[in-house]
Every structure is written in structure tokens, then in C-alpha cells.
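Here is how the chains run, residue by residue.
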Amino acid sequence: MAAADRIESLIARMTIDEKVGQLGVFADMVRPFAPDVNPEANVHNAGEVLQQVREGRVGSLFNGVGAELGRKIQKVAIEESRLGIPVILAADVIHGMRTVFPIPLGEAASFEPALAERTARATAIEATAAGLHWTYAPAVDIARDQRWGRGAEGAGEDVVLGAAFAAARVRGFQGEDPTAHDSLVATPKHFAAYGAVAAGMEYSSVDIAPQTLRDVHLPPFKAAFDAGALSVMSSFNDINGVPASANHELLTGILRGEWKFAGPVVSDYTADMELIAHGYAADERDATKKAFLAGLDLSMQSGFYAAHLPSLVESGEVPMEWLDQSVRRMLELKQRIGLFDDPYRSLDPAREADATHIPAHDMLSREAARRSVVLLKNHGGVLPLKTSEQKIALIGPFVQDRENIEGCWTLFGDKARYVTLESGVRAAIGDPGALAVVAGCGLEEALEGGIDAAVAAAQAADVVVLALGEPQRFSGEAQSRTEITLPPAQQALAEAVAATGKPMVVLLRNGRALALSGAVRDAAAIVVTWYLGTQTGHGVADVLFGHYNPSGRLPISFPQVSGQQPYFYNHLRTGRPELPSMTEYKARWRELPNEPLYPFGHGLSYTTFEYGAPQLSSAALGWDDTLTITTHITNTGGVAGEEVVQLYLHDRVASRVRPVRELKGFRKILLAPGESAEVVFTLDRRVLAFTNPNGEFAAEPGLFDLWVCASAKSGEPVQFELRGE
Ligand code: BGC
């Protein structure tokens, strides 16, 4: 039977309970993992879940793993349920399964979407081997406020970078053929504007201008759909007073009307239930009706759809055709990934056994780790360290730590394989006697005698490597902070060690930008190492000892102090810019200029690069033409290195105030010492477009500034004109 006929014939035969069964997603008690992930989950016992599968009341289960048990569940669905509709098995697999890759924010620092595509592919291979079909990833939320903890799961503050990584991750998860046994359905989330919560406070409200929603927060979703994403997850927040999970304009107007997206929308966990707490729905039934009629196809975990949709359909408040349409979307998803033809795809225990440890993924984890590291500062060339002839004091609470390697939202990582910082450094150096290792303090607390031991080790060494940062639970869901600083116990350790006068390299472990101060800010070298995953120790050592020349760049601005939040580089122009003359009545803080400590796009290498002036193919861009920008870049240092060449634009006069600069393209190039390359960007008027006061997405003729440079704060602009039609 043709695919569409099969689905229509099923819908025609389904009871209303079977239909609503397809629209619920439940944490899975059949498999042992679920309670660890969602301890408060309103789930039933294994027998009950299997009985519900048998009765055709369960279309999907999530956050359990294991091919064998998945197979058992599927067998009940196929052989014992009336219509034999397969279940789809989902989980939050965000940046690795057994092998853990850098947190997505860290990986975005590579400025290599192709790398993210490879790590997502590896993740999909391991996840599907463990009996999963569907992941709730990638998170594509733009995070302009570093107080918000979930920035760690996305690609940072910039829309072009975010869109490129969103698309790459979707391609990686799903692969080329969605029916392949190693294809994992992607779910861009959280739709939408989840990262724009007021004051960076998780689950808070989003008061956002329509053009900011359109031009900043929606494009990564559009990019994910253009890359083929098969489902999407709504967000918890409201948008201008209407919860996203019951937002008709968003879930139906934009998603279906404008973008023609055909896949199912799943609620973020109990977002439908939360309409009551929002004060947007009076009770369960009202919440169900509002969420469903707005366009939310699937209800996760609350059970509201199963409980209330049948009576809403019977009373005529929800048309049966609408119910059928959501069921159709879910069945089409199952069809698209081949579950009707091969219900046991991705449920092969033999493949799971073979995939418990794939050595090539360790190599990829190491490569992704070192490519994600950002060298912020390297005063006096203190880095790279020498593998011999130097006594190194490796100090800090992260040095031997195994609990803060994987970063947030890693549920299934193979902890036995995690490489600590100490192991990585030991493996890199020749003489074990050249290394002293001291914790100095705990993650948040002083250790008795810790500082004395650290100071003694520093005094006996030639160079100190101090590993500091946020405990990993400081970032991720529900981890908003008011002060994005290091814990005081760690700062105290840094001050004491710095007082020895030894050259100090600070390694930061972080899931957001940090406001650095005192001895940390003044350290000779500062290296951002995020949470790098399985191969953390090796990846960091590769950079420390120059086996890999760092090439990461900041995907988020590092502010000077927490109070600057939200700080992002592409803010709008003000009528009273603070620079160049710093008088009182300017857009400025009393205490300091509103500049970052390290801007978006910043990152050093062990070599240096020189940029020529960008050459434009024409001083004017015709309305239907293309402009070519060619820039000569030379490696002027002594070692091979990669540079991230960045293209920024600024619209001088427009019908709406425009950002001071916006990233429009980037290229990563590798140059041998002394080597030059021409980096070519092309652009047309679509790149210059924005949402104008009439709500249209259009470019406007006039003058533009253009930079080809090494960060959002570097380079000299050249001008060009966009001519009218
Ligand atoms: C998170 C989602 C996640 C879901 C299911 C929610 O709390 O916001 O990102 O996919 O739980 O675990």
C-alpha cells in the first residue's frame, strides 16, 4: 500500500483513544533509566506501560535506553496492539551518547559547522545503536544574556553562527537517509525565543519586539527545517504574554503558514500543563484545548491530551479533522523513518553491543575538544608549554575531577572513559617528576591546607597551570545566575597562587561567558575549555603543549562585569554612543565603558595573521547583483595555524535602527608559516535584509560598512552602496 494510503487507512480505523494515544509522549518506566532523568515524572509502572502500549494508547516513549527492552516494547506494539502501530523511542541526546563531545556552546567556538555535523553523526550512530529513534536536539536558542544557563546547549549569541550550527547538527543527527538504522530524528528546540527570557532567568517571560523575534531568534529554526529537521519542540516561555506552547501565531501562522513545516510539534515536557500556572488556562481541559488549537501536536508527560481531547472532540470544541491532522503528522514521522516497514530498526542488541565503545569516536571527541578551545590571552608567549625542561604545577579543583567533564545534558555518557586533565597532561609530558598536582580548593569551598599546598607547588615550579571554572551544574536547565563569576574559593586560590609571581596559565571550565577579575583576569594566559567531554584531558593537553595550535573563537562576548548583561556585540546603535568622548550624558555605565573584556569572535593562535584591506568587486552592489569581497590573509608567525576570517556588515541609515555590526559570514583557513591566501566572500541584497517597520523582510538601498577581520571589535571598515531597483 502506498505510504499515504496506509496512514489514511489507519486513521480511518483508529478509535479516538488510539488517536490521542499517538499524541502523548511519556517517560518510559519499562526501561530502567527514566526515573533517574525525571524523578518527578508522572509515570506508571512497567506492566501498566506495556498494557497501554497493547491497548494502542502509547505512540511514543522517552528517556529510556537499551535495544533489547526497546525491542520488547515494539513487539507488544506490533503484535499485540489492535492496529500494530509502532512506537517511536526518544531521548535527550544532546552532545554525545556513550562518547561525549564538547557542550554545543563549546563546539560552536570551533566555528566549524562541519565538525558539529560529524559529532552529531557519531552521536546518532551510538544513540540509534542503543535503541533510540528520536532526539530532543539540537537546542538552537540564541543566548544574548549570559546569566541564562541554557546558553551552554546552543551556539551562542549570534544568529548566523547559530543558524549554521543548527543546520549542521540536524544534518548530522538525521544523516542522508531518514530510514537508515543510524538516522536519529532531530528536534530543534525550544520554539521560540526561549533564550530571550527577562534578566536571563530560566522559565521567565519574553517581552520581545517582533523584528527581534524574526531576525534573531527564528532564523536558526528556519535553518534547521531547511536542513530537513523532522520535528520541533515548543518552549516553556510566553512571548509577549502568549505562552509559546499555546501560541497560534507561532505554531500555526509562522510554522505551518509561512514555513510549511509538516512535522509534529512536541511540547517541552509539561508545557501544556503549565498554561494553568501561567494563568493562560483555567484548568486541564482549557489548557488542552488552548495548546491543541494553537498547533501543539504532542503533549509530553502531562497526560492532558489523553485525558481531555476525547471529550473536546465529542463536544465539537476541537474538530475531528484537527485531531486527525496531528495524528497524521505523527504517523507520517514514523513512516518517514521507516518504522512501518521495519519496526525493529535501531533495536538490534547485537549492534548495541558492538557500539558500546567505538574507538574512532574517541579520536573525534579529542579532535572536537581541541578545536573548541579558545585561547583568550597569551602574554609573553607563556603557551605553548614545553613537554620537558619545565616544571609544571597543575593546580585547581578540576585537575583530577571526573564529575565536571561532560557538561550539562549528558545522560548516557560512558564515565569510565572520561580523561581527566591530569591524565591528559601526564600523557603529554616526558618526565612525570616534572609535574606537581594539587587541588588547592574544592569547586565551591576552601580545603584545609589547600592554598598552602598550592602555593608551595607553584613556588617549586617554573609555570603554573590553574584549572578553574564553574561546576557543571551551574549551567544547563534551571541554572540562571546573577553573578557570572568564579566561586569565591577558587578566586582566593588564584590570588594566592598568583602572588608567587610564577607565570600562570588559567584554564577555564565554563558553560557560559564569565566575568573574570583579579588574578584570573591578569593571568599571563587564559584558555577557555568549556566542558569538552570524553577526551577532555587529551584535548586540553594538545593545546597546552602546542600539539594542536588553538583555533577556537568566542561564540559569546565575555563582559567585564556581570552587570553588563545582557551584553552582545550586535546591539543596536544608540543616539548617544559612549565613544569617543566620554562625557556624562552618554550611553554608558558609571563605572566602566560598555566594552567586552573579550569580544565575540576573539581567539588567539600560536601564530599571527595579517589581514589586507578587503577588495570589493565593485563600490556599488546592484539590486539583483552579487558583490565579491576578496581579502589577502598571511600567516606572519612561525607555525602553521588556522584563522577564522569573519565578515561583518553595518547598514548606515535604514528605516529601523540597525546593529552596530552583524556577522554575515565566516571561513576557517589553515596557513603554513609565511603562507598567504585570498579569502572570498560573496553577498547579495538578501544578506542585507531585515524586518522593516511594515513587517517585510527586505534590504534598503544605501551605504553599508563592511569588515573582514578577526573579531567583532577588530578591523577597519570599507564602504559600499546598495543601489535601488
Ligand atoms: C527540557 C527539554 C527536554 C525535556 C525532556 C525539559 O525540561 O527543557 O529541553 O527535551 O525536558 O527531557
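Here the structure is shown first, and the text comes after it.
Fair warning: this is a prediction, and the values are worked out from it, not measured in the lab. (Residues numbered from 1 in each chain as written. Predicted model: local features only at pLDDT ≥ 70, side-chain atom pairs only at ≥ 80, totals over all residues. Heavy atoms only, no water.)

1. Comments concerning the side chain of Asn-378
And step 1. Its location among the elements puts Asn-378 in strand S10 (residues 374-378).
And step 2. Under the relative-accessibility criterion, Asn-378 is labelled buried at 19%.
And step 3. Here the side chain of Asn-378 touches Leu-383 through a polar contact of 2.9 Å, landing on its backbone nitrogen.
And step 4. Excluding residues within four positions of it along the chain, Asn-378 makes contact with Leu-383, Ala-524, Ala-525, Leu-604 and Tyr-606. (Helix = DSSP H or I, 4+ residues; strand = E, 2+ residues; numbered from the N terminus. Buried < 20%, exposed > 50% of the residue type's maximum accessible area, 1.4 Å probe, protein only. Polar contact = N/O pair within 3.5 Å; in protein donor to acceptor, adjacent residues only side chain to side chain. Contact = heavy atoms within 4.5 Å.)

2. Observations regarding the pattern of salt bridges
And step 1. Scanning the entire structure with this criterion turns up 44 salt bridges.
And step 2. Linking Arg-6 and Asp-341 is a salt bridge whose minimum nitrogen-to-oxygen distance equals 2.9 Å. Here Asp-341 lies in the loop between helix H15 (320-336) and helix H16 (349-354) and Arg-6 lies in helix H1 (residues 3-13), a separation of 335 residues in the sequence.
And step 3. For Arg-6, a relative accessible area of 21% puts it in the partly exposed group.
And step 4. Of the residues examined, Asp-341 reaches a relative accessible area of 56% and is grouped as exposed. (Salt bridge = Lys/Arg side-chain N within 4 Å of Asp/Glu carboxyl O.)

3. Let's talk about the packing of aromatic side chains
And step 1. Going through the model one piece at a time under the given rule, you end up with 16 aromatic pairs.
And step 2. Between Trp-134 and Tyr-136, the aromatic rings sit 5.4 Å apart at their centres with planes inclined by 75°, giving edge-to-face as the arrangement.
And step 3. Here Tyr-136 falls in the buried class, since its relative accessible area comes to 1%.
And step 4. Relative to Trp-259, the ring of Phe-191 lies with its centre 6.0 Å away and its plane at 50°, an arrangement referred to as tilted. Of the two residues, Phe-191 sits in the loop between helix H8 (159-174) and helix H9 (210-217) while Trp-259 sits in the loop between helix H11 (248-258) and strand S8 (265-266), which places them 68 residues apart along the sequence. (Phe/Tyr/Trp six-rings, centres within 6.5 Å; stacked < 30°, edge-to-face > 60°.)

4. With respect to the side chain of Lys-377
And step 1. Within the fold, Lys-377 resides in strand S10.
And step 2. Look at Lys-377: it is buried, it has no salt bridge, and the nearest opposite charge is Asp-522 at 5.1 Å.
And step 3. A polar atom in the side chain of Lys-377 sits 3.0 Å from the backbone oxygen of Arg-521.
And step 4. One polar contact links the side chain of Lys-377 to the main-chain carbonyl oxygen of Ala-523, over a distance of 2.8 Å.
And step 5. With residues up to four places along the chain from it excluded, the contact list for Lys-377 reads Arg-521, Asp-522, Ala-523, Ala-524, Ala-525, Ile-526, Tyr-598 and Leu-604. (Lys, Arg positive; Asp, Glu negative; His and termini not counted.)

5. Some remarks on the packing of H9 against helix H10 (residues 219-226)
And step 1. Axis separation between H9 and H10 bottoms out at 5 Å; the angle between their running directions is 40°. One element, H9, and the other, H10, form an angle in the oblique class. Across the interface between the two elements, Leu-213, Arg-214, Asp-215, Val-216 and His-217 of H9 pack against Pro-219, Pro-220 and Phe-221 of H10.
And step 2. Counted by class, the contact of H9 with H10 contains 5 nonpolar, 1 polar and 2 charged residues. (Axes fitted to C-alpha atoms, helices over the stretch in contact; angles between N-to-C directions. Parallel < 35°, antiparallel > 145°, perpendicular 65-115°, else oblique. Nonpolar A, V, L, I, M, F, W, Y, C, P; charged D, E, K, R; others polar.)

Read these as geometric descriptors, not functional statements.
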